[in-house]
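Understanding the architecture of this molecule
Here is how the chains run, residue by residue.
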Amino acid sequence: MALSTGINNTYEEVPDLAKEFVNKAPDETGQRPKFKVSRDTLVRTHQRHLKLLSEGSVPVRSLVLPKPYPPARGLVEATSTKAVHLGDLRIDSRDGDAVLLLRTITAPYVWSSTVTVAEDETGDVARLTVCNLEDNVVDPIVTEGTILAIRQPCWTRLVDGGYHIRVDHPSDLVLLQPNDDLVPEAWRDDDGQNFKGDAAQCKKEGDMMFLKKRFRQALELYTKGLQHVSTTPDSAAEIDLYRKRCGVSIVLLRLDDAAKDLAEAIATHARSTPDLSSSELADASIVKAWLQNRSTEDPLHISTRIPRPLKELAARIKFDIGINQSTPDYNLSVISAYVGPLTLHVDAANYISDTEVRETGSRGRGLFAKKDFKEGELICAEKAFVLPGYFMQDRNSDCLLYSLGDGTAAPRPGAWLFKELVQKLRWNPSLRKEFFDMGDGGYWEEHGWELAEEEDIPVDVFRVEYIRRLNCFSAPTRSSDLLNQPPNSNPELRNGFWTHASYANHSCLPNSIRTFIGDLRFLRAARDIAAGEEITNQYVAPDIDIDERQEKLRTTWGFECDCQLCIIDGSVSEGTRKERLRQFEELKSTVMKLGEKGAPTITSLKKIARALREMEILYSPSRIEGQTTEDPYATLPRLALVHPTLFLTEAWRSVKNIDRTIEYALKLLRNFGLVVTTEGGKLEVVHNAGFVNVETVRALNYLAEGYTSRGEDELAAQCREKAKQWYIIITGSEVGAEQFFGSEQFFS
Ligand SMILES: C[S@@+](CC[C@H](N)C(=O)[O-])C[C@H]1O[C@@H](n2cnc3c(N)ncnc32)[C@H](O)[C@@H]1O
């Protein structure tokens, strides 16, 4: 579908207008709408929008979250709910017990949200907008004739002056079956349009729908088939229908339902197999518990005692829910070869057992080592809770997320992650606890919302978004892919969510490095870590300027870093800080101009080296308050010096000056806080501040080249060894190392 500007499309919210409206329009809370729109007008407007949609007259998807309000809680029951009609509703005024029954009278418009026209029992009509639904045009959820219960309904004003019924939280919308107790008598007899075949026909028709990607219709047909076999037992058909419905649920990320159906399929198979009929496999609740227990163990040997198709589904469900193994046992080259933009999700168990989450004292909870880890060792590996897959190049997948409550906005990676998180949480109550245990920045507590002991955790979309923002990570398809990007390219990264490793707090001087291969996220030790030590990670590479650095951490994650680098950078006088930045910018522009002229001359390099020496003075003890002799930067990164040193290292290398290349490569490592000595022909990293990155790997490789040229082969080999170790730390595995190191130009 070609996207257009969406002119005349009033179903699509324009975020800037919506923001202005929310902040400036007079408060009409509790009032009745000023006018009613007739059924004809609503339907006509809707038909026009359906036409726009089919013509592609839609803008980029904008998901707009209004000002926060809590979701409806508990279950909708015919006895305990307060039935209301459209005529009873007020503007922005929600009653937690009220339920509005609606029946849709049009096909849905599905783009940024699902929009339809619906009537209540009295025949009154309204535009209904359902946001945050995992809806699509091919397989819509709210089709014409759907009966819905809207919880805590109210009128919401539209920017163009109209009114609609808007639903944001998944629990505020309940799709009802025509025979549900809540459904009014007059709407009950809708069976006429339904498929009337027997179990076999339901299955056949369901398969057809599945092939057409009409997954929800397939689900309905398999359910109907199962209703048939409940009255005319046929275990083979029953197993088949449960298995098929399980497969559809997996596609729709409904893992709880999938586990339930597969458990039924396995139990039915066991009951109808003489050898198994009296085994635990005949008890669906035991099988379901095994499917969801997060363990790789199979003490009942379930997977070896069931037919292959069921075994494969069991593996699929267990991997998708997440299983934990106690050893870091991964074939990374196989996993890496499998992974691609369309195959992000790998079949692998998590390894998290040698780390634990506990209170830190001042930074909330943190991740801690349960054993000693050597530099480079895998600390933990974890499959994503959610990592959306979509085509980066496809404009149709463009999507933006706006939160009108706090005025924030997120581009496509965050928007899709939000959408998929809502979907996964909505359909899998068993996975909610681990997600909602993550920090939401105090949002839920601030409002005084608490849950009863046994209460199902509601999917509050605003809370989901707070948790997403504070805990998600940007991920490339493979970390090693980033090494092959052209300089200064800024590839779009996906946004994903990993629950265990996300407890690692930030430090600018981290002891672990995170990497990604598909949806597997690895943490490796950037230096030796002792049992009991907190594991830290750089959320973002620190800015040179401490104020900018803290500002970024404050606005994105709500804290200021107090690592040793931040303490020392923060104790430098403002004058010196400004001077560092000024000299850095000046040098940067000199270097850029030089780059434009082609190969640098020796004279120009010497000039830059002189300027760098002057900058080094700005890091001397005399420049730091209260310091006289001791150098507070002795083992700390000197961030303003990194880029000029990097330039000089590469420039000396390009003019084949071996001694200078070695000198500046060592300086580069030092300026990253990696203090390296080569005394006695032995490479030793005497201090490692945690800045292991592609530049430091390259610096080691340049050292190896240089020492080789000087005939110092032993030292060169040690540099190469270290470079390879660091390559694994920064990419997660040794895949691609040969290509990376082989492509480097050696001195001739
Ligand atoms: C991804 S979570 C880490 C786990 C978090 N500490 C918790 O208890 O859920 C990110 C949040 O942790 C806290 N945090 C992370 N690093 C921190 C640090 N260096 N100092 C203070 N707070 C930090 C901030 O509240 C941040 O929003």
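In every chain, residue numbers begin from 1 and rise along the written sequence. Residue-level local features of this predicted model are given only where pLDDT is at least 70; pairs of side-chain atoms are given and counted only at 80 or more, and the full residue set underlies all totals for whole chains, interfaces and linings.

A separate point is the site of the ligand. Using a C-beta atom placed from the backbone, a residue is scored as near a molecule or strand whenever that atom is within 6 Å of it. Near the ligand, the surroundings consist of 17 residues, among which Gly364, Arg365, Gly439, Asn505 and Phe559 are the closest. Listing elements by their share of the shell around the ligand, those giving two or more residues are strand 12 (365–369), helix 13 (461–471) and strand 18 (505–506). Charged means Asp, Glu, Lys or Arg here, nonpolar means Ala, Val, Leu, Ile, Met, Phe, Trp, Tyr, Cys or Pro, and polar covers whatever is left, Gly included. When grouped by side-chain class, the residues that make up the shell around the ligand number 6 nonpolar, 9 polar and 2 charged. Secondary structure elements are taken from DSSP: a helix is a run of H or I of four residues or more, a strand is a run of E of two residues or more, and numbering for both begins at the N terminus.

UniProt positions are given in the numbering used here, feature names are shortened, and annotations may be inferred rather than shown by experiment. The sites that carry the UniProt feature "domain: SET" (unreviewed entry) are, in the present numbering, residues 353–540. Between the end C-alpha atoms of residues 353–540 there is a gap of 26 Å, over a span that is 19% helix and 26% strand.

One recurring pattern in soluble globular proteins is that nonpolar side chains are buried together. Ranked by size, the top nonpolar core spans 112 residues in total, and within it Ala665, Leu703 and Cys719 carry the most contacts. Taken together, domain 1 (15–190) and domain 3 (571–742) each give at least three residues to this core, which thus spans both. Two residues qualify as being in contact provided that their C-beta atoms, derived from the backbone, are within 7 Å of each other. Residues contacting Leu703, with those up to four places away along its chain left out, are Ile662, Ala665 and Cys719. Counting 37 residues, the second largest nonpolar core, distinct from the first, contains Tyr222, Cys246, Ala284 and Val287. The term nonpolar core refers to a group of buried residues, namely Ala, Val, Leu, Ile, Met, Phe, Trp, Tyr and Cys, whose C-beta atoms join them within 7 Å. Counting other C-beta atoms within 10 Å of its own, a residue is labelled buried from 20 upward, exposed at 12 or fewer, and partly exposed in the gap between, with every C-beta atom placed from the backbone. Each domain's extent is set by a domain assignment, obtained either automatically or from a database.

Okay, the sheet that holds strand 15 (residues 408–410) next. Think of it this way: DSSP has to see at least two bridges between two strands before they count as a pair. Within the open sheet, the 3 strands sit side by side as 1-14-15. Their pairing is mixed. The open sheet has two edge strands with one neighbour each: strand 1 (61–65) and strand 15. For this sheet, the mean inter-axis angle between neighbouring strands, taken without regard to orientation, is 15°. Here an angle of 0 to 180 degrees is reported between the N-to-C directions of two axes, which are lines fitted to C-alpha atoms, with helices fitted over the stretch in contact.

Glancing now at the packing of helix 6 (residues 255–271) against helix 8 (residues 308–321). Direction vectors running N to C along helix 6 and helix 8 enclose 150°, while the axes themselves pass 10 Å from each other. Comparing their axes, helix 8 and helix 6 come out roughly antiparallel. In this structure, helix 6 meets helix 8 at a crossing whose hand is left-handed. Contacts between helix 6 and helix 8 involve Leu255, Ala258, Ala259, Leu262, Ala265, Ile266 and His269 from the first element and Leu310, Leu313, Ala314, Ile317, Asp320 and Ile321 from the second. Here the residues of the contact of helix 6 with helix 8 sort into 11 nonpolar, 1 polar and 1 charged. Here roughly perpendicular refers to angles of 65 to 115 degrees, roughly parallel to angles under 35, roughly antiparallel to angles over 145, and oblique to all remaining angles. With the far helix as reference, a near helix turned anticlockwise by less than a right angle produces a left-handed crossing, and one turned clockwise produces a right-handed crossing.

Here the focus is the domain arrangement of the protein. For an interface, size is often stated in terms of accessible area lost upon the parts coming together. Each assigned domain of the protein is listed with its residue range as follows: domain 1 (15–190), domain 2 (199–321) and domain 3 (571–742). Put simply, the middle of domain 1 and the middle of domain 3, counted by C-alpha atoms, are 60 Å apart.

So, on to the sheet that holds strand 13 (residues 378–383). The strands that make up a sheet pair up through hydrogen bonds in the backbone, lying either parallel or antiparallel. The 3 strands lie next to each other as 13-20-19, forming an open sheet whose pairing is antiparallel. In this open sheet, the two strands that pair with only one neighbour each are strand 13 and strand 19 (512–517). Ignoring which end each strand starts from, the neighbouring axes of this sheet average 20° apart.

A separate point is unusual backbone geometry. A positive phi angle, close to 40°, is found at Gln152, a residue other than glycine. For Gln152, the location among the structural elements is in the loop between strand 7 (147–151) and strand 8 (155–157). Judged by the 22 C-beta atoms lying within 10 Å of it, Gln152 falls in the buried class. The phi angle at Lys656 is positive, at roughly 60°, despite the residue not being glycine. We classify Lys656 as exposed; it has 11 C-beta atoms within 10 Å.

To continue, consider the environment of Ser333. One can find Ser333 in helix 9 (residues 332–338). Owing to 12 C-beta atoms within 10 Å, Ser333 belongs among the exposed residues under this scheme. In sequence terms Ser333 and Leu618 are 285 residues apart; their C-alpha atoms lie 46 Å from each other.

When you tally the buried positions in strand 6 (residues 125–130), you get 6 out of 6 residues, the bulk of the element. The two faces of strand 6 match: Val125, Arg127 and Thr129 on one face and Ala126, Leu128 and Val130 on the other face are all buried. Sheet analysis places strand 5 (residues 114–119) next to strand 6, joined by 6 bridges and oriented antiparallel. Bridging across to strand 6, Glu119 finds its partner in Val125. In sequence, strand 5 turns back onto strand 6 through a hairpin of 5 residues, with Gly123 there showing a positive phi of about 95°. Here 3 bridges tie strand 6 to strand 9 (residues 163–167), and the two strands are oriented parallel to one another. Paired with Thr129 across the strands is Arg166, a residue of strand 9.

This brings us to the environment of Arg73. Counting through the fold element by element, Arg73 comes out in the loop between strand 1 and strand 2 (82–84). C-alpha separation for the pair Arg73 and Leu101, spaced 28 residues apart in sequence, amounts to 17 Å. Among all residues touching Arg73, those that are not within four sequence positions of it are Glu455 and Pro458.

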